[in-house]
Amino acid sequence: MWIVYCLYVFLITDFELITLNVTPVVRDVIVEDINQDDRKDLVILSSEEDDYHKSIILFYQQTGISKFNDKYSSRIPIDEPCSVIFKTKIENNRNYLVIANSDTLNLCKIQDNIIEKEKTISYPNAFAYNAKEPIVMRDLSYDLDEDGTDEWFIPTSRGVTIFKNFSPTSEIKFHIFNEVYIGSNITLFYQFPLVYPIRNSKDTFKPVAFLGDKELVFTYGENWKETKQIKIDRKNPEKWDSSYKIGDINGDDFPDILFTETQGTLNLKTTAYVFLSEGEYKYPQKPQFEYLIKGAVTLPMLKDINSDKRDDLILFSIPLGFTNFVNFFLRGKLAVDTKVFLSDGKLLPSKPVYQTTMTMDAPEGRDQVAYALDDFSGDGILDIAFGQSNNTIQINVGVEEGTLKTKPWKKINIPAFGIIRTGDINGNSSKDIILYRPSGENKNRMDVILF
């Protein structure tokens, strides 16, 4: 009956919704063919609530409909201390997992529903030793020399160490934001550097860039032994919050840098600064783009919206004015402004080419508003999925001009708070949605939406 129901849903709605039981708490999910059968599986990193016991939960993809059983295929305990997991490819692109803590990197494969440890590499790094809420990191493993085995980019207190064939081959030193704060307790804060491989380089050892606290560092040459550092000054020392992103706005393969800095408490303002590369390893001393948003907290993104191979700037912001406060406290609603700046291949425009406001139900406690940008319709242009209400995920499709169609493309009736991951599960041109909830009344539920 379940298979018949899923087929009925697919035929009348053009998507398949699968609800999975995922006790205990899901911390993150990877979409990957982990059992090497040429079908994408769900690899879930899970941990007990307020405890240190962790496990890998596997949902193997099946043929036909439904793609996944509602009960997991396997649940495998993680026996060693763990704070970070990342996926990697070795031996002609076979899929493995690395289970990591502050002392060791454990290379593992899934074999007959057990975690089989291939190698244990002892190396001090910047990961926590044994986190209660472990995470998946997605930018630590790339095959830069195209030999079928990924290199690893392991953050340390001094910068990043590159591992080739499971051995450290190059240590790149630069400033990391790493501070000790004294409050009710003493807290150590570490902000991981960003990793940006220059994929279109013709060099045998493709260069890679790292963005730290005050500099952009390139490493290149044989086994990445050569480095070049470029100082990037932040603008305002009085900021109380900042973030940074890397993308390619002008299409020259070298990373462009987006900083956002927030100042003030009552008179809040957030400024976005963009430094565009000016050629091979050349950057300006001052940003070529600045944009100020007053009275709001801002979430910036660099994404290729219109499929022209250049990243564009998207600024999501939550206004903190009177109207939003009234909506929040009286109606339980939250307004989110969206501004889009499309790249012309050289610069970003001084004003957004498109802006809109989306209203959604406000979360309570540790719940999060679910949202994601990806191509769900399969036309090559970025769309947005977001929790429009407590029980509705809404998807609006984008058009080439950088705008969103006002009429929703899909409305899916499921609990809408949580975290969305996207990936190509069923092998077509449309990206699929995995929605999980680390907290709240639906924390044991995961929804998979296949387009």
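Residues numbered from 1 in each chain as written. Predicted model: local features only at pLDDT ≥ 70, side-chain atom pairs only at ≥ 80, totals over all residues. Heavy atoms only, no water.

Enquirer: I'd like a description of the pattern of salt bridges, backed by residues and values.
Expert: Oppositely charged side chains may form a pair once their charged atoms are brought near each other. Under the criterion given, the structure shown has 21 salt bridges. Here E32 ties to K89 by a salt bridge, and the two come within 4.0 Å at their closest N and O atoms. Remark: K89 occurs in strand β6 (residues 84-90) and E32 occurs in strand β2 (residues 25-32); sequence separation between them is 57 residues. Where D147 meets K164, a salt bridge forms, and the shortest distance between an N and an O atom there is 3.4 Å. (Salt bridge = Lys/Arg side-chain N within 4 Å of Asp/Glu carboxyl O. Helix = DSSP H or I, 4+ residues; strand = E, 2+ residues; numbered from the N terminus.)

Enquirer: Go over the pairing of strand β22 (residues 256-263) with me, naming the residues and quoting the values.
Expert: Counting buried positions over the eight residues of β22 gives eight, a clear majority of the element. Across the two faces of β22 the burial is the same, with D256, L258, T260 and T262 and I257, F259, E261 and Q263 all buried. Two elements, strand β21 (residues 241-247) and β22, share seven bridges in a ladder whose sense is antiparallel. Residue pairing in the sheet places S243 in a bridge with T260 of β22. The pairing of β22 with strand β23 (residues 269-275) spans seven bridges and is classified as antiparallel. (Buried < 20%, exposed > 50% of the residue type's maximum accessible area, 1.4 Å probe, protein only. Pairing = 2+ DSSP bridges.)

Enquirer: Tell me about unusual backbone geometry, residues and numbers included.
Expert: A cis amide bond links T23 to the next residue, P24, at an omega of -5 degrees. Topologically, P24 is positioned in the loop between β1 (16-21) and β2. Its identity is not glycine, yet E146 carries a phi of approximately 55 degrees, on the positive side. Tracing the backbone through its elements, the reader meets E146 in the loop between β11 (141-142) and β12 (151-155).

Enquirer: Describe the nonpolar core, listing the residues and the values that go with them.
Expert: Membership of the largest hydrophobic core comes to 19 residues, with the highest contact counts inside it found for I314, F316, M360, L373 and I384. Listing elements by their share of this core, those giving two or more residues are β26 (312-319), β27 (333-341), β28 (354-361) and β30 (383-389). What F316 contacts, discounting residues up to four positions off in sequence, is V297, T298, L299, M301, V336, D337, T338, M358, L373 and I384. Counting 18 residues, the second largest nonpolar core, distinct from the first, contains I18, V26, I425 and M446. (Core = buried A, V, L, I, M, F, W, Y, C linked by side-chain atoms within 4.5 Å. Contact = heavy atoms within 4.5 Å.)

Enquirer: I'd love a proper account of the sheet that holds strand β8 (residues 104-111), names of residues and values included.
Expert: Ordered in space as β9-β8-β7-β6-β10, the five strands form an open sheet in which the pairing is mixed. Two strands lie at the open edges of the sheet, namely β9 (114-122) and β10 (135-136), each paired on one side alone. Bridge count between β8 and β9: eight bridges; the pairing is antiparallel. When the sheet's bridge partners are listed, L105 is paired in β9 with I121.

Enquirer: I'd love a proper account of the environment of P438, names of residues and values included.
Expert: Looking at the element boundaries, P438 is found in the loop between β34 (432-436) and β35 (445-450). Along the sequence, P438 and G418 sit 20 residues apart, while their C-alpha atoms lie 7.0 Å from each other. Not counting chain neighbours up to four residues away, the residues in contact with P438 comprise V25, V26, R27, I419 and K443.

Enquirer: Go over the sheet that holds strand β20 (residues 226-231) with me, naming the residues and quoting the values.
Expert: Spatially, the four strands line up as an open sheet ordered β17-β18-β19-β20, and their pairing is antiparallel. Looking along the sheet, the strands with just one partner apiece sit at the ends: β17 (194-197) and β20. Ignoring which end each strand starts from, the neighbouring axes of this sheet average 20 degrees apart. In terms of strand pairing, β17 meets strand β18 (residues 208-211) through four bridges, oriented antiparallel. If you follow L194 over to β18, its bridge partner there is L211. (Axes fitted to C-alpha atoms, helices over the stretch in contact; angles between N-to-C directions.)

Enquirer: Can you lay out the confidence of the model for the protein chain for me, pointing to particular residues and giving the numbers?
Expert: For the protein chain, per-residue confidence averages 87 on the pLDDT scale, and residues scoring 70 or more make up 93% of the total. Per-element mean pLDDT across the protein chain ranges from 43 in helix α1 (residues 2-13) up to 96 in β12. Contacts of residues 1-12 to residues separated by more than four positions or lying in other chains number 13 contacts, the stretch itself having pLDDT below 50. (pLDDT = per-residue confidence, 0-100.)

Enquirer: Go over the packing of aromatic side chains, please, and point to the residues and values.
Expert: Scanning the entire structure with this criterion turns up 25 aromatic pairs. When the ring of Y244 is compared with that of F259, the centres are 6.1 Å apart and the planes differ by 80 degrees; the resulting orientation is edge-to-face. Of the two residues, Y244 sits in strand β21 while F259 sits in strand β22, which places them 15 residues apart along the sequence. F259 sits in the buried class, given a relative accessible area of 2%. An aromatic cluster of at least three residues, connected via ring pairs, comprises F86, Y123, W152, F163 and F166. The ring of Y72 has K71 lying over it, and the distance from NZ or CZ to the ring centre is 3.5 Å. (Phe/Tyr/Trp six-rings, centres within 6.5 Å; stacked < 30°, edge-to-face > 60°. Lys NZ or Arg CZ within 6 Å of the ring centre and 35° of its normal.)

Enquirer: Give me a nonpolar patch on the surface: which residues, what numbers.
Expert: There is a patch of nonpolar side chains on the surface, built from V180, I182, I186 and L188 and spanning about 490 Å² of accessible area. Going through the elements one at a time, β15 (178-182) and β16 (186-190) are the ones with two or more residues in the nonpolar patch. Tracing the backbone shows I182 in strand β15. (Patch = residues over 30% accessible without salt bridge, like charges linked within 9 Å, V, L, I, M, F, W, Y side chains within 5 Å. Areas by Shrake-Rupley, 256 points an atom, 1.4 Å probe, with all protein chains shown as cover.)

Enquirer: Give a description of the state of the cysteines that names residues and reports values.
Expert: If you walk through the whole model with that rule in mind, you get zero disulfides. Not part of a disulfide, C82 finds its nearest cysteine sulfur in C108, a span of 9.5 Å. (Disulfide = S-S within 2.5 Å.)

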